[in-house]
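# Summary of structural features
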Amino acid sequence: MPRHVSQVIQTVQTLEGGGFLVRRPFPTPQCSYIDPFLLLDQMGPVDWQPGEAIGAPDHPHRGFETVTYLLSGEMEHKDSQGNYGKLTPGDVQWMTAGAGVVHSEMPTAEFRERGGITNGFQIWVNLPAKLKLTPPRYQDIPVSRIPEVVLDDKGSRVHIIAGTIGNTTAVINTHTPITFLHVTLQPGVSFTHSVPPSQNAMVYIISGNGQFGSEAKSASAGQLVVFANNAEEITTTALSEEPLDLLLLGGEPLNEPVVRYGPFVMNTREEIFQAFQDYQSGKMGAIS
Ligand code: MN
């Protein structure tokens, strides 16, 4: 049985990091988070002139995970744990900030020089209270290791970033059960994916338009379709003349208090103060 659609959220445009454009369905004043997801940002698309591309210089995180998925452009990651990574289209970086990490997320020098289109996603996944101070973990997965399921011979396919389809499972390890699929459907093609009713589930439309859920609700690029927890099946049909390109996210809600301030997400105000203190006293390290 298909899930109902509970709401369709329009993205707002805002500036992040050093001042780059993001399209953000949440957090906004209308919707602060969809448990366990704390933030969903589409970074771009922005067409940078040579020399202009910017990113997010050194900053800390504690208490959750940052997931970066690049569609276009080139990004470079450095962090206080000594990790270095370069992301090109299709690559995924899943960073568990846990107890605390300082990192930078910048365009590569070559990309900045050349210019071009940046597009991709950053998603923040909350950690349960008992894992908020877990040691940091860094998973840097190139597109060649992201499992792909081919749905037809016309180009409909799914990249499995987290979760399982049939007997194909993602290579990324998550602390709580997470589904993260990048689905591309050619015009007229339908797709169904089961997510346990206990989990919250949503679809962010990157391009094209389609119908979603039991009521065949229409939605299009830049909208987030949030599903009700009445059943398992997430259903969609591509309606546009161009392919329908979307992200499908699912996760088990933590049902714990969320106290967030900037780059820190904890359960109490005291823990936020502690995070600031630990960052300022250098306990989260620095990028060498
Ligand atoms: Mn960051």
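First, a word on scope: everything that follows refers to the structure included in this document. Counting restarts for each chain: residues are numbered from 1 in the order of the written sequence. Local features in this predicted model are restricted to residues whose pLDDT is 70 or higher, and side-chain atom pairs enter the listing and the counts only when it is 80 or higher, whereas totals over whole chains, interfaces and linings include all residues. Heavy atoms from the whole structure form the basis of all side-chain values; hydrogens and water molecules are not counted.

## Some words on helix α2 (residues 269-280)
By definition, any uninterrupted DSSP run of H or I lasting at least four residues is a helix, any uninterrupted run of E lasting at least two residues is a strand, and each is numbered from the N terminus. What a helix should span is 1.5 Å times the count of its residues minus one. For α2, which comprises 12 residues, the first-to-last C-alpha distance of 17 Å matches the rise-based estimate of 16 Å (1.5 Å per residue) to within 8%. Whether a residue is buried, partly exposed or exposed follows from its accessible area with a 1.4 Å probe, protein chains only, as a fraction of its type maximum: under 20%, in between, or over 50%, in that order. Listed as buried for α2 are I272, A275 and D278. Viewed along the axis of α2, the buried residues span an arc of 125 degrees, placing them on a single side of the element. In this structure, α2 carries R269, E270, Q277 and Q280 as exposed residues pointing more than 90 degrees from its buried face. Should any heavy atoms of two residues lie within 4.5 Å, those residues are considered in contact. Packed against the buried residues of α2 are β25 (259-261) and β26 (264-266). Phi turns positive, to about 85 degrees, at G282, one or two residues after α2. Along the arc lie the directions from the helix axis toward the C-beta atoms.

## Examining the coordination of the manganese ion
Octahedral six-donor coordination of a metal ideally yields angles of 90 or 180 degrees, compared with 109.5 degrees for tetrahedral four-donor coordination. The rule for donors is simple: N, O or S, within 2.8 Å of the metal, or within 3.2 Å if the metal is Na, K or Ca. Water isn't counted, so a site may look like it is missing partners. Only H59 (NE2), H61 (NE2), H103 (NE2) and E105 (OE) from the protein coordinate the manganese ion, and they sit 2.1 to 2.4 Å from it. Each donor residue of the manganese ion lies on one chain, and together they are spaced H-x1-H-x41-H-x1-E. Take E105: its relative accessible area is 9%, and that puts it in the buried class.

## Comments concerning unusual backbone geometry
Following F26, the chain continues into P27 via a peptide bond in cis, with omega recorded as 5 degrees. Among the secondary structure elements, P27 is positioned in the loop between β3 (20-26) and β4 (37-48). Cis geometry is found at the peptide bond from D35 to P36, where omega equals 5 degrees. Note on placement: P36 falls in the loop between β3 and β4.

## Considering the sheet that holds strand β10 (residues 101-107)
Two modes of strand pairing occur in sheets, parallel and antiparallel, and in both the strands are linked by backbone hydrogen bonds. By definition, two strands form a pair when at least two bridges between them are found by DSSP. With antiparallel pairing, four strands are arranged side by side in an open sheet as β5-β10-β7-β8. With partners counted over all chains shown, the strands left at the sheet margins are β5 (56-61) and β8 (84-87), one partner each. Strand-to-strand twist in this sheet, taken as the mean axis angle between neighbours without regard to direction, amounts to 20 degrees. In this sheet, β10 lies alongside strand β7 (residues 75-79) in antiparallel orientation, the contact comprising five bridges. Bridge pairing in β10 places D79 opposite H103. Here an angle of 0 to 180 degrees is reported between the N-to-C directions of two axes, which are lines fitted to C-alpha atoms, with helices fitted over the stretch in contact.

## Some points on the nonpolar core
In a soluble, globular protein the nonpolar side chains are often hidden away together inside. Only buried residues count toward a nonpolar core, which is a set of Ala, Val, Leu, Ile, Met, Phe, Trp, Tyr and Cys residues joined through side-chain atoms within 4.5 Å. Formed by 27 residues in total, the largest nonpolar core has its most connected members in W94, F180 and L224. Membership of the second largest hydrophobic core comes to 24 residues, among which are V5, V189, F227 and A238.

## Details of the sheet that holds β3
As summarised here, the arrangement of the seven strands in space is β2-β3-β4-β11-β6-β9-β12, forming an open sheet in which the pairing is antiparallel. Edge positions in the sheet fall to β2 (12-16) and β12 (137-141), since each has one partner strand and no second. Between one strand axis and the next, the sheet turns through 20 degrees on average, direction left out of account. Across five bridges, β2 lies against β3 in antiparallel orientation. Residue V12 lies in a different strand from β3, and its bridge partner there is R24.

## Thoughts on the environment of G19
Take G19: it is sitting in the loop between β2 and β3. Residue classification places G19 among the partly exposed residues on the basis of a relative accessible area of 32%. Measuring from C-alpha to C-alpha, the distance between G19 and E105 comes to 13 Å, with 86 residues separating the pair along the chain.

## Looking at the pairing of strand β9 (residues 92-96)
Burial runs high along β9: five of the five residues are buried. Pairing geometry for strand β6 (residues 64-72) and β9, over five bridges, is antiparallel. In the strand pairing of β9, Y69 is matched with V92. Relative to β12, β9 runs antiparallel, the two sharing five bridges. Residue pairing in the sheet places Q93 in a bridge with D140 of β12.

## Re the side chain of T96
Position of T96 relative to the elements: it lies in strand β9. Judged by relative accessible area, which is 0%, T96 ranks as buried. Nitrogen and oxygen atoms within 3.5 Å of one another constitute a polar contact, given that in protein one can donate a hydrogen and the other can accept it, and given that sequence-neighbouring residues count only through two side-chain atoms. Side-chain polar atoms of T96 contact the side chain of E65, separated by 2.6 Å. In this view, T96 contacts F64, E65, V101, L127, T134, P136, R137 and H175; residues no more than four positions away in its chain are not counted.

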